[in-house]
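Close look at the chain arrangement
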Amino acid sequence: MVELEDLPSVGEKTAQKLRDAGFADMMRLATATAKELAVKAEIGEGVAEKVIEAARKAESIDFETAYDVMERRRDVGRITVGSEAFNELIGGGIETQSITEVFGEFGSGKSQISHELAVTVQLPRDRGGLDGECVFIDTENTFRPERIEQISDGFELDHEEVLQKIHIARAFNSAHQILMADKINELIQNGSNIKLVIVDSLMAHFRAEYVGRESLATRQQKLNQHLHALQNIANTYNVAVFITNQVQARPDAFFGSPTKAIGGHVLGHASTYRIWLKKGLAGKRIARLVDSPHLPEGECVFKITSDGIVD
Ligand code: ADP
């Protein structure tokens, strides 16, 4: 294995700076940009370029064949929820190496599904989990350990053990949120078996902080950087990323949906799977798959119970 110190222009001091900034392995370095690396590790941009170039060589990053892509897809893991209809809609569970987004109005069940996944990712593989741990980036203070206890009990898991394997980051503003996402790399490099990263909700801070047309470009640029970091974690460590998003009303829509997800094209393109949640009659919820690279559009109905999501 290539160590940081083996790279050209990297002495002991630079290696330490790289490690402190969360760039401890070759893949993480190889997929960084020179600017990002220079700023985060506090090294010159010239050095950063050389280090990245060398890391890319070490990881033999180049074109790959469709066969290689297919091989990598074989490693894709899936995390299920308690509703079979929901699992089927999304092709057997939410996927690692991808970003899955759910959006919907207040109370539509976004946080409930987040809590459920934080538990089910811990199930063994033969019960629809990945035997893994979870990072939960909570931006609106909606995380409730009591809910985790209830759902764990529903799955007959020891709720204390389950709580130990959920790493909560309470993000106070968008800069903090971006920082916490970057820190996930360190957590994984230090040995945590993270298989799921949840951001609930992705846009709340961005939406509150960047108000008005003139700040829109800056907001989208920061959001893009954040999503890029999340996708990078998903690919590098075979992790599933699950984000929740709000909707904005479209009073001018005569046809089609009267609401749409916020975040614009930047988010629309970053999410591999997009699921729209709606409230139905008698406490039911409707999930509609609106965007997926290889699954048909479709709908399903599920319920939220104290044990979690069920058919
Ligand atoms: P949001 O989309 O705003 O994140 P939530 O995921 O918080 O919405 O969903 C809230 C809804 O979940 C509540 O309106 C309620 O119907 C349901 N819910 C929350 N906790 C429970 C529970 N313990 N048992 C049954 N339903 C619950």
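Residues numbered from 1 in each chain as written. Predicted model: local features only at pLDDT ≥ 70, side-chain atom pairs only at ≥ 80, totals over all residues. Heavy atoms only, no water.

Focus: the UniProt feature "domain: RecA family profile" (unreviewed entry) in the protein chain
Put simply, the test is: UniProt positions are given in the numbering used here, feature names are shortened, and annotations may be inferred rather than shown by experiment. Each helix corresponds to a stretch of at least 4 residues labelled H or I by DSSP, and each strand to a stretch of at least 2 residues labelled E; elements are numbered beginning at the N terminus.
The feature "domain: RecA family profile" (unreviewed entry), as given by UniProt, occupies residues 75-247 and 252-311 in the numbering adopted here. Taken end to end, residues 75-247 is 45% helix and 20% strand, and its first and last C-alpha atoms sit 33 Å apart.

Points about the sheet that holds strand 3 (residues 99-104)
Using the following cut-off: Pairing between two strands is assigned when DSSP locates at least 2 bridges connecting them. Only the stretch in contact is used when fitting a helix axis, every axis being a line fitted to C-alpha atoms; angles between N-to-C directions are given from 0 to 180 degrees. Throughout, a residue-residue contact means that at least one pair of heavy atoms, one from each residue, lies within 4.5 Å.
Reading across the sheet, the nine strands line up as 5-4-6-7-3-10-11-12-13 and stay open at both edges, with mixed pairing between neighbours. Looking at the sheet topology across the chains shown, the edges are occupied by strand 5 (166-170) and strand 13 (308-310). Looking at each pair of strands side by side, their axes are set apart by 25 degrees on average, direction ignored. Where strand 11 (residues 284-291) and strand 12 (residues 298-305) come together, six bridges link them in antiparallel fashion. Across the sheet, the residue bridging to arginine 285 is phenylalanine 302, located in strand 12. Packing against the sheet, helix 7 (residues 110-120) makes contact with strand 3, strand 4 (133-138), strand 5, strand 6 (194-200), strand 7 (240-245), strand 10 (273-279), strand 12 and strand 13, and its axis sits at approximately 160 degrees to strand 7.

Quick look at the environment of valine 121
Quick reminder of the rule: Burial classes: relative accessible area under 20% of the type maximum marks a residue as buried, over 50% as exposed, and values in between as partly exposed (1.4 Å probe, protein chains only).
Checked against the element boundaries, valine 121 lands in the loop between helix 7 and strand 4. For valine 121, a relative accessible area of 0% translates into the label buried. Residues valine 121 and isoleucine 198 lie 77 residues apart in sequence; the distance between their C-alpha atoms is 11 Å. When sequence neighbours within four positions are dropped, the list of residues in contact with valine 121 reads Ile79, Gly129, Leu130, Asp131, Gly132, Glu133, Cys134, Lys195 and Leu196.

Digging into the domain arrangement of the protein chain
Which entries qualify depends on this criterion: Residue ranges labeled as domains rest on an automatic or database domain assignment. We define a salt bridge as a side-chain nitrogen of Lys or Arg found within 4 Å of a carboxyl oxygen belonging to Asp or Glu. Each residue receives one of three labels: charged for Asp, Glu, Lys and Arg, nonpolar for Ala, Val, Leu, Ile, Met, Phe, Trp, Tyr, Cys and Pro, and polar for the others, Gly being one of them.
By domain assignment, the protein chain separates into domain 1 (4-58) and domain 2 (72-310). Computed from C-alpha atoms alone, the centre-to-centre distance between domain 1 and domain 2 is 31 Å. On the side of domain 2, eight residues touch domain 1, which itself brings eight residues to the contact. Between the two partners, domain 1 and domain 2, sit one salt bridge. Put simply, lysine 40 and aspartate 182 hold a salt bridge, and the shortest N to O gap is 2.9 Å. Of the residues in the side of domain 1 that touches domain 2, the class split is two nonpolar, two polar and four charged.

Things to note about unusual backbone geometry
Among all residues except glycine, the phi angle is most often negative; among peptide bonds, the trans geometry is most common. A cis amide bond links aspartate 200 with the next residue in sequence, serine 201, at an omega value of -5 degrees. Within the secondary structure, serine 201 is located in the loop between strand 6 and helix 11 (204-209). Positive phi is not limited to glycine here, since glutamine 97 has a value of about 70 degrees. Relative to the helices and strands, glutamine 97 is located in the loop between strand 2 (94-95) and strand 3. The exposure class of glutamine 97 is buried, given its relative accessible area of 14%.

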